[in-house]
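# Analysis of the macromolecular model
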Amino acid sequence: MKKYISFMIVIFMLSLLSNQTGASHIPADNTSSNFSSPPVMIAFSSVEEIKEFVTASQSDRMFEEHIKTLETMVSVQDAKKALANIISLPFPLISTNVQPTDFSALYNVTYNYFQVYYTVDNCKYKFYYDYNSTAESEYDDAPVLKDVKLGDYLVNLYLEEDCLNGSFRINNSRVDVAVYTTNPENVDLDMFSFNYLRNYDIFGNGPIFAILLSMASVIIISVTVVLIIRKKKKKAAVTTAPQQPEQTA
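In short, a report on the structure. All values reported here derive from a predicted model rather than from experimental measurement.

Turning to the sheet that holds strand 3 (residues 102–108), a few remarks are in order. Taken together, eight strands build an open sheet; the order of strands is 1-3-4-5-9-8-7-6 and the sheet is antiparallel. Here the strands that pair on one side only, and so sit at the sheet edges, are strand 1 (41–44) and strand 6 (145–150). Within this sheet the neighbouring strands show an average axis-to-axis angle of 20°, counted without direction. With eight bridges connecting them, strand 4 (residues 113–120) and strand 5 (residues 123–130) associate as antiparallel partners. By the bridge assignment, T119 is partnered in strand 5 with K124. Contacting strand 1, strand 3 and strand 4, helix 2 (residues 47–55) crosses the sheet at an angle of about 125° to strand 1. Relative to the sheet, helix 4 (residues 76–86) contacts strand 1, strand 3 and strand 4, its axis offset from that of strand 3 by approximately 120°.

Let us look at the nonpolar core. If you look at the biggest cluster of nonpolar residues, it comprises 48 residues, and the most contacted ones within it are F53, F91, F114, Y118, Y125 and F127. Every residue in contact with F114, bar those within four places of it in the chain, is listed here: F44, I50, I86, F91, A105, L106, Y107, F127, Y128, Y129 and Y131.

Below, the discussion takes up the environment of V120. When you line up the elements, V120 lands in strand 4. Separated by 71 residues in the primary sequence, V120 and M191 have C-alpha atoms spaced 10.0 Å apart. Here V120 is in contact with I94, V98, P100, T101, Y125 and M191, once residues within four sequence places are set aside.

This brings us to the environment of K81. For K81, the position within the fold is in helix 4. Using a relative accessible area of 40% as the deciding quantity, one classes K81 as partly exposed. Here the alpha-carbon distance between K81 and N112, two residues 31 residues apart in the chain, equals 9.0 Å. Residues in contact with K81, not counting those within four places in the same chain, are Y107, V109 and N112.

Below, the discussion takes up helix 3 (residues 60–69). Taken residue by residue, helix 3 has F63, H66 and I67 as its buried positions. Projected down its long axis, helix 3 carries its buried residues within an arc of 105°, all on one side. When the buried face of helix 3 is taken as reference, the exposed residues oriented beyond 90 degrees from it are R61, K68 and T69. Tucked inside the fold, the buried residues of helix 3 contact helix 2 and helix 4.

Negative charge collects at one region of the surface, where E138, D140, D141, E160, E161 and D162 lie side by side. Checked against the element boundaries, D141 lands in the loop between strand 5 and strand 6. The class of D141 is exposed, set by a relative accessible area of 58%.

This part is about the pairing of strand 9 (residues 173–180). Counting buried residues in strand 9 gives seven out of eight residues, a clear majority hidden from the surface. With seven bridges joining them, strand 5 and strand 9 adopt antiparallel strand pairing. What sits directly across from F127, in strand 9, is V177. Note that strand 8 (residues 163–170) and strand 9 share eight bridges and pair antiparallel. In the strand pairing of strand 9, F168 is matched with V175. Following strand 8, the chain reverses through two residues before pairing antiparallel with strand 9; N171 in that reversal takes a positive phi of roughly 55°.

A word on the packing of helix 2 against helix 4. Look at helix 2 against helix 4: their axes get within 10 Å of each other, and the N-to-C directions meet at 110°. Accordingly, the angle class assigned to the pair helix 2 and helix 4 is roughly perpendicular. In this structure, helix 2 meets helix 4 at a crossing whose hand is left-handed. Contacts between helix 2 and helix 4 involve I50, F53 and V54 on the former and, on the latter, A79, L83 and I86. Class assignment for the residues of the contact of helix 2 with helix 4 results in six nonpolar, no polar and no charged.

Cut-offs and rules
- Residues numbered from 1 in each chain as written.
- Predicted model: local features only at pLDDT ≥ 70, side-chain atom pairs only at ≥ 80, totals over all residues.
- Heavy atoms only, no water.
- Pairing = 2+ DSSP bridges.
- Helix = DSSP H or I, 4+ residues; strand = E, 2+ residues; numbered from the N terminus.
- Axes fitted to C-alpha atoms, helices over the stretch in contact; angles between N-to-C directions.
- Contact = heavy atoms within 4.5 Å.
- Core = buried A, V, L, I, M, F, W, Y, C linked by side-chain atoms within 4.5 Å.
- Buried < 20%, exposed > 50% of the residue type's maximum accessible area, 1.4 Å probe, protein only.
- Arc of directions from axis to C-beta.
- Patch = residues over 30% accessible without salt bridge, like charges linked within 9 Å, V, L, I, M, F, W, Y side chains within 5 Å.
- Areas by Shrake-Rupley, 256 points an atom, 1.4 Å probe, with all protein chains shown as cover.
- Salt bridge = Lys/Arg side-chain N within 4 Å of Asp/Glu carboxyl O.
- Lys, Arg positive; Asp, Glu negative; His and termini not counted.
- Charge placed at Lys NZ, Arg CZ, Asp CG, Glu CD.
- Parallel < 35°, antiparallel > 145°, perpendicular 65-115°, else oblique.
- Left-handed = near helix turned anticlockwise from the far one by under 90°.
- Nonpolar A, V, L, I, M, F, W, Y, C, P; charged D, E, K, R; others polar.

Printed below as a string of structure tokens:
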């Protein structure tokens, strides 16, 4: 009887150990909140690519087809959100007389900001659009360049660790400006003009094309009016000409 009881105790202990061993092989939960997806980005390597992105929105079909050509996987809905913000504020366009050595732009759909970079004469210019904030950045020291004209806007630039920084507000957004240089005299913001990219037509030729098209329309209308007036004058001259008396036999 004692042997039987001892045997049962051994069986019971082995079953407990077996249950504990099996529990140790439960796979870990990989759906922890510590893991998050990377932000959705749209990258541009030239201003022309941004213009193509804007002009493709002329129709839903064109825009959907254009989204498929982007290197980054982005949904049409996210792309439309990016487009709406990009065309809502003026964009820094560089003068045609200046040739930048490098350009890049990155729109972060997840966090709702847009970064534009130009490199000219070893100076790197950065324009950072924060569509979620209207508060201008605060700086401790006095500006090294004050009331610098940037398109229709004025910005103060502060020197911080070999970089000039400043910010200004446009509507309900903030634009940060940074120039990476150790010499403030090298900074030339006059080369930039701020234009709304929504003004670019489907051909991607920009506001100049729109102006030329308007001028051509005015010329055509003017010529048409002149021709109509001349035709009316000729008709009036014919009707008012003296009639020759009829000859009698």
